[in-house]
Each structure stands twice: as C-alpha cells, then as structure tokens.
Amino acid sequence: MLAIRNISKSFTQRGLVLDNLSFDVNEADLIAIMGPSGSGKTTLMNIIGLLDKPDNGEITFKGASIAKFNDDESAVYRNRNIGFVFQDHLLLPYLTVSENILLPLLAARYSSDELAKREQHINKLMEKTGISDLAGKYPFQISGGEAQRVALVRALANNPSILLADEPTGSLDAKNADILGELLLEMNREYGITLILATHSVDLAKKMSRRLRLKEGKLIV
Ligand SMILES: Nc1ncnc2c1ncn2[C@@H]1O[C@H](COP(=O)(O)OP(=O)(O)OP(=O)(O)O)[C@@H](O)[C@H]1O
Ligand SMILES: [Mg+2]
C-alpha cells in the first residue's frame, strides 16, 4: 500500500537523521518503529504523514507518487487517508469532546448523507472506546487516558486507511496504556486500519506484527 524508497532527511544542526531508508507497508499491517530518543522516529512518521518533506527519495501510496505533493495536495491526502495520534492528545480546549471529534468532518465537506453515515460510525467508535458519556465534556474535565481515546476516535473520524501513532501511550499509566494498545489492535482487526506506531514501550511493540528499529538512519528488522 505504501512504498518508501531511499528516503533521506537531514537537519542543519544535527546532520543526517534518515539515511537512504526504504520499507514497504502492506494493507492492515501493524508496525512498531522503535529506537532511542533522537533516532528519527518522529521525523519518519512526519514524512509518511506528509507533515514534513524528505530531502530525497520517493513515497508511493497505492501506486501514486506522493512525496512531491504541494501543500494543498498534501492536506487533501492527509485528510482522506491518514489519522494521527500523538503523545499529547492535542484536543482543542474550547471545544467539547464531540466537537473535537467532529471537527475533521467539516474539513472533508461530505454530502449530508455521507455526513450522517460518518456520524453514525463515530458514535459506534465512541461506544467501543468507552467515551460516549464524555461527549459534552471539555478536555480539562476528562482524564489523560480518556483524552487519548478521544484523540483516537478523532483520528479515525474520516475513516483513514493508515493510522500514524507517535508514542500514543507515552504519557499514560500502565493501565490506560494497555487499554489504548488493545483499542488500536481492535481498530486494525475490525476496520483493517494499517497502524504505524512509534514507541519506546516494548509491551506495546510486542502487540504489533512487525517491529523495526531505527539505527543510524536506517530501519532494521
Ligand atoms: N525541525 C527540526 N529541526 C532541527 N532538528 C530536528 C528537527 N526535528 C528533529 N530534529 C532532530 O532530528 C533528530 C531526530 O529527531 P526525532 O524527533 O525524529 O527523534 P525521535 O526518534 O522521535 O525521538 P524521541 O524518541 O525522543 O521522540 C534529533 O536529533 C532532533 O533534534
Ligand atoms: Mg519522537
């Protein structure tokens, strides 16, 4: 589904972070990207999600080249195909839980039929993740574990084929980390979502079907 070929990226202060890196992602893959702090996990995730551009290399998604998209094309690609979950939930503080989740739908400009279908799907996801009762609350009124589940549902609102999760359990306690990990697996099983996950957690990485390690700018098995 996603082919990453000979990607390199350097930053002025740091030098080469990703060094001619290649890998393939298949549909419904569960991939953990591991590696020490500063090894380039976030840099790689940002490039896959078109939040950042590689210096060199090619990325194709379902056969089409995406690495050279302009900003508008990148935004459309992201909105349609990619969901993001970060270490911090990044919920907007002045919107309720359900408003936060529904926000990505506005950008997608669905027909009213399609919108109704999406909203129904979201209600189901909110039930599955145990956040239905929180719909009217504001982010400051819910726990960190709950907020991260809200962020997960928001990431899935537009039915992306790929979910990029950058240390999604990094700020959670063991119990909430476990709940979130299981939910990520469930989304993969039920909806065939491809998961690419950067994590320091060996427990979470063990749940994935492939574990790759970033070392000296390369991904090794
Ligand atoms: N925008 C930037 N400008 C300059 N240097 C950057 C930038 N983004 C990342 N770097 C550098 O690139 C290297 C890789 O950073 P990155 O955030 O990808 O690491 P990481 O593996 O995600 O680390 P962590 O586990 O701490 O999240 C680091 O040395 C970082 O300082
Ligand atoms: Mg990082």
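Scope of this entry: the structure provided in the associated data block. Because the structure is predicted, anything quoted here is derived from the model rather than measured. (Residues numbered from 1 in each chain as written. Chains lettered and ligands numbered in written order. Predicted model: local features only at pLDDT ≥ 70, side-chain atom pairs only at ≥ 80, totals over all residues.)

In spatial order, the strands read E6-E7-E8-E3-E9-E10; together these six strands make up an open sheet with mixed pairing. A single partner strand is all that each edge strand has here, and the edge strands are strand E6 (82-85) and strand E10 (218-220). Shown here is a sheet whose adjacent strand axes are inclined to one another by a mean of 20 degrees, direction ignored. (Pairing = 2+ DSSP bridges. Helix = DSSP H or I, 4+ residues; strand = E, 2+ residues; numbered from the N terminus. Axes fitted to C-alpha atoms, helices over the stretch in contact; angles between N-to-C directions.)

Moving on, we come to the site of ligand 1. Close to ligand 1 lie Phe11, Gln13, Arg14, Val17, Gly35, Ser37, Gly38, Ser39, Gly40, Lys41, Thr42 and Thr43. Among the elements that line the shell around ligand 1, the one with the most residues is helix H1 (residues 41-48), at three residues. Tallied by class, residues from the shell around ligand 1 come to two nonpolar, eight polar and two charged. (Near = placed C-beta within 6 Å. Nonpolar A, V, L, I, M, F, W, Y, C, P; charged D, E, K, R; others polar.)

This brings us to the nonpolar core. One finds Ile33, Val150, Val153, Leu163, Leu164, Ile196 and Leu197 to be the most contacted residues of the largest nonpolar core, which totals 54 residues. Considering each element in turn, this core owes the most residues, seven residues, to helix H5 (residues 144-156). For Leu163, the residues in contact, after removing those within four places along its chain, are Gly83, Val85, Ala155, Met187, Ile193, Thr194 and Leu195. (Core = buried A, V, L, I, M, F, W, Y, C linked by C-beta atoms within 7 Å. Buried ≥ 20, exposed ≤ 12 C-beta atoms within 10 Å, placed from the backbone. Contact = placed C-beta atoms within 7 Å.)

Glancing now at the sheet that holds strand E5 (residues 64-65). Sheet architecture is open: four strands sit in the order E2-E1-E4-E5, paired in antiparallel fashion. The strands lining the two open edges of the sheet, one partner per strand, are strand E2 (15-25) and E5. Inspection of the sheet shows strand E4 (residues 56-61) paired to E5 by two bridges, in the antiparallel sense. Each bridged residue has a counterpart across the sheet, and for Phe61 the counterpart in E5 is Ala64.

In this structure, Val97 sits in helix H3 (residues 97-108). For Val97, the contacting residues outside a window of four places in its chain are Ile131, Leu134, Ala135, Lys137, Ile142 and Val150.

Okay, the pairing of E4 next. Bridge count between strand E1 (residues 2-11) and E4: five bridges; the pairing is antiparallel. By the bridge assignment, Leu2 is partnered in E4 with Phe61. Remark: two residues form the turn of the hairpin made by E4 and E5, two consecutive strands paired antiparallel; Lys62 in that turn has positive phi of roughly 45 degrees.

Running from N to C, H5 and helix H6 (residues 174-191) cross one another at 15 degrees; their axes reach a closest spacing of 10 Å. Considered as vectors, H5 and H6 are oriented roughly parallel to each other. For the pair H5 and H6, the sense of crossing is right-handed. Listed contacts from H6 to Gly144, Gly145, Gln148, Arg149, Leu152 and Leu156 of H5 are Asn176, Ile179, Leu180, Leu183 and Met187. (Parallel < 35°, antiparallel > 145°, perpendicular 65-115°, else oblique. Left-handed = near helix turned anticlockwise from the far one by under 90°.)

By the criterion of burial, strand E7 (residues 162-166) is predominantly enclosed, with five of the five residues buried. Residues Ile162, Leu164 and Asp166 line one face of E7 and the alternating positions Leu163 and Ala165 line the opposite face, and both faces are buried. Read from E7 through H6 to strand E8 (residues 194-198), the crossover connection turns out right-handed. (Right-handed = clockwise from strand over helix to strand, strands pointing away.)

To continue, consider H5. Here H5 is 13 residues long and its end C-alpha atoms lie 19 Å apart, about the 18 Å a rise of 1.5 Å per residue gives. The element H5 is extensively covered by neighbouring structure, given that 12 of its 13 residues are classed as buried. Of the positions making up H5, those classed as buried are Gly145, Glu146, Ala147, Gln148, Arg149, Val150, Ala151, Leu152, Val153, Arg154, Ala155 and Leu156. Those residues of H5 that are buried are in contact with E6, H3, helix H4 (112-128), E7 and H6. (Expected span 1.5 Å × (residues − 1).)

The next thing to look at is the packing of H3 against H5. The contact between H3 and H5 brings their axes to 7 Å, and the two run at 25 degrees. The pairing of H3 with H5 is recorded here as roughly parallel in orientation. In terms of crossing hand, the pair formed by H3 and H5 is right-handed. For the pair formed by H3 and H5, the contact residues are Val97, Asn100, Ile101 and Pro104 on the first element and Val150, Val153 and Arg154 on the second. Counted by class, the contact of H3 with H5 contains five nonpolar, one polar and one charged residues.

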